[in-house]
Amino acid sequence: MILGILREPEFESRVSMTDESVSQLTKKGIQVYVEKQAGAKAFCEDAQYEAAGARLHDRADILKQSDLLLSIHPPVENEISLLNKKVLVGVYQPLYHPQIMKAWASAGLTVFSLDMLPRTTRAQAMDILSSQANIAGYKAVILAAQLYPRYFPMFMTAAGSIKPAKVLVLGAGVAGLQAIATARRLGAVVEVFDTRPVVKEEVMSLGAKFIEVEGAADASAAGGYAVEQSEEYQRRQKQKIAESIAKADIVITTAQIPGKKAPVLITEEMLNTMRKGSVIIDIAAATGGNTPFTKNNEIINYNGITIVGNSNLAATMPYDASRLYGKNVLNFLQLIIENGQLRINRDDDLVAGCCITHNGEVVHEKIKSLL
Ligand code: NAD
């Protein structure tokens, strides 16, 4: 079996697998072909791949010869028709692109989209959303500290005392929790909102204050994810966020609902109560953002408030992001490769959970329902 690792598009600095995970595959007799310079921006050189037992090839050869292709972002459209019957493993956001999945099914591809992997205990070692969101949460705070014109920690100095920065985190999922921990390590005072009351304990154990809003919609059937809230809840939540935001220096927003547009949690009126020099890092930018002014991949200035829209912060730490992503993928591959050969068992809930297309059809129920 030949496994191909593709170079990502120009805007991406990560690679889907680095040398240490590649060596695990080659030791098992799997041939690994790597597109030249695929890992350069992630500090994984061609020579390291070769030392791990992989062979370097041109993209066209890899597309033609591989049985299974790894990439984070999808191959370009005109390459898809060349990939008949191949297996693709990546992050394709099928909830937002069901028609593309239909086209890939018709092209005969078997597609595994790792962002659809069920969030269960057994899946933790292959959970790319978690490994990358963890980096995003950490980097969001570091970036905010860099852009914020004041200190994060409290200081008593001979020249006067400095108050600690007040950080507000909206959404305490994986990214939000890491943002809380990082902001606390830098000495900030942290307040947190989430629609899922179950995160209260985790938030408090990190030394932050959890602000409760009564009457959240029951999300118990949503696999741990958030669901859309009632208008009454949204009104009450906005009121409480407004009170916190007027005092906040830094806001990290991470609130997302899979398959939907991100909720606008910060209104224009709220922004008008924030101090100049405040910083908002909006990790939910790719799905619309949590403020009305967020622009994905842009930094804007709204009345002296810096709003950073960036849902790809993991890519700003390509070394660790790629190594962790690659290990997640390696763990997932153990479910679909047996004795060096592909064996797709859709009775396994993890395999079925992220298998979007197979045998010429869209096989994932949720994606099918969107067509
Ligand atoms: P996410 O990126 O989908 O959303 C981020 C956070 O925003 C979530 O905590 C969500 O509740 C919150 N949110 C959504 N709408 C909101 C609103 N209107 N106001 C305030 N907050 C709002 O979340 P994620 O980090 O991907 O985590 C999703 C779930 O998966 C969590 O329950 C997490 O604990 C769980 N998880 C499980 C595993 C595992 O067991 N393998 C691994 C990682 C995460």
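Residues numbered from 1 in each chain as written. Predicted model: local features only at pLDDT ≥ 70, side-chain atom pairs only at ≥ 80, totals over all residues. Heavy atoms only, no water.

Parsing the protein chain into structural domains produces domain 1 (2–116 + 319–363) and domain 2 (131–316). Computed over C-alpha atoms only, the centres of domain 1 and domain 2 are separated by 33 Å. Of the residues lining the interface, ten residues belong to domain 1; the matching set on domain 2 comes to eleven residues. For the pair domain 1 and domain 2, the two sides together bury roughly 800 Å², of which 49% comes from carbon and sulfur. (Domains from an automatic or database assignment. Contact = heavy atoms within 4.5 Å. Buried area = accessible area lost by both parts, 1.4 Å probe.)

Here the focus is the sheet that holds strand β1 (residues 2–5). In space, the eight strands of this open sheet follow the order β3-β2-β1-β4-β5-β6-β18-β19, with mixed pairing throughout. Each edge of the open sheet carries a strand with a single partner, namely β3 (55–57) and β19 (361–362). Alignment of strand β6 (residues 110–113) against strand β18 (residues 355–358), held across two bridges, turns out to be antiparallel. Within β18, the position partnered with Phe112 by the bridge is Cys355. Most of the contacts of helix α11 (residues 318–336) go to strand β5 (residues 87–90), to which it runs at about 145°, and overall it touches β1, β4 (68–70), β5 and β6. (Pairing = 2+ DSSP bridges. Helix = DSSP H or I, 4+ residues; strand = E, 2+ residues; numbered from the N terminus. Axes fitted to C-alpha atoms, helices over the stretch in contact; angles between N-to-C directions.)

Moving on, we come to unusual backbone geometry. In this structure, Gln93 is a non-glycine residue whose phi angle is positive, near 45°. Tracing the backbone through its elements, the reader meets Gln93 in the loop between β5 and α5 (98–106). What makes Gln93 partly exposed here is its relative accessible area of 40%. Unusually for a residue other than glycine, Asn359 sits at a positive phi of about 50°. Counting through the fold element by element, Asn359 comes out in the loop between β18 and β19. Taking relative accessible area as the criterion, Asn359 reaches 65% and is therefore assigned exposed. (Buried < 20%, exposed > 50% of the residue type's maximum accessible area, 1.4 Å probe, protein only.)

The next thing to look at is helix α9 (residues 231–245). Between its first and last C-alpha atoms α9 spans 20 Å; for 15 residues at 1.5 Å apiece the expected length is 21 Å, and the two agree. Those residues of α9 not exposed but buried are Tyr233, Gln237, Ile241, Ser244 and Ile245. Taken around the axis of α9, the buried residues stretch over an arc of 90°, which confines them to a single face. α9 presents Glu231 and Glu243 as exposed residues on the side facing more than 90 degrees away from its buried surface. Residues of α9 that are buried make contact with β9 (166–170), β10 (189–193), β12 (250–253) and α10 (268–271). (Expected span 1.5 Å × (residues − 1). Arc of directions from axis to C-beta.)

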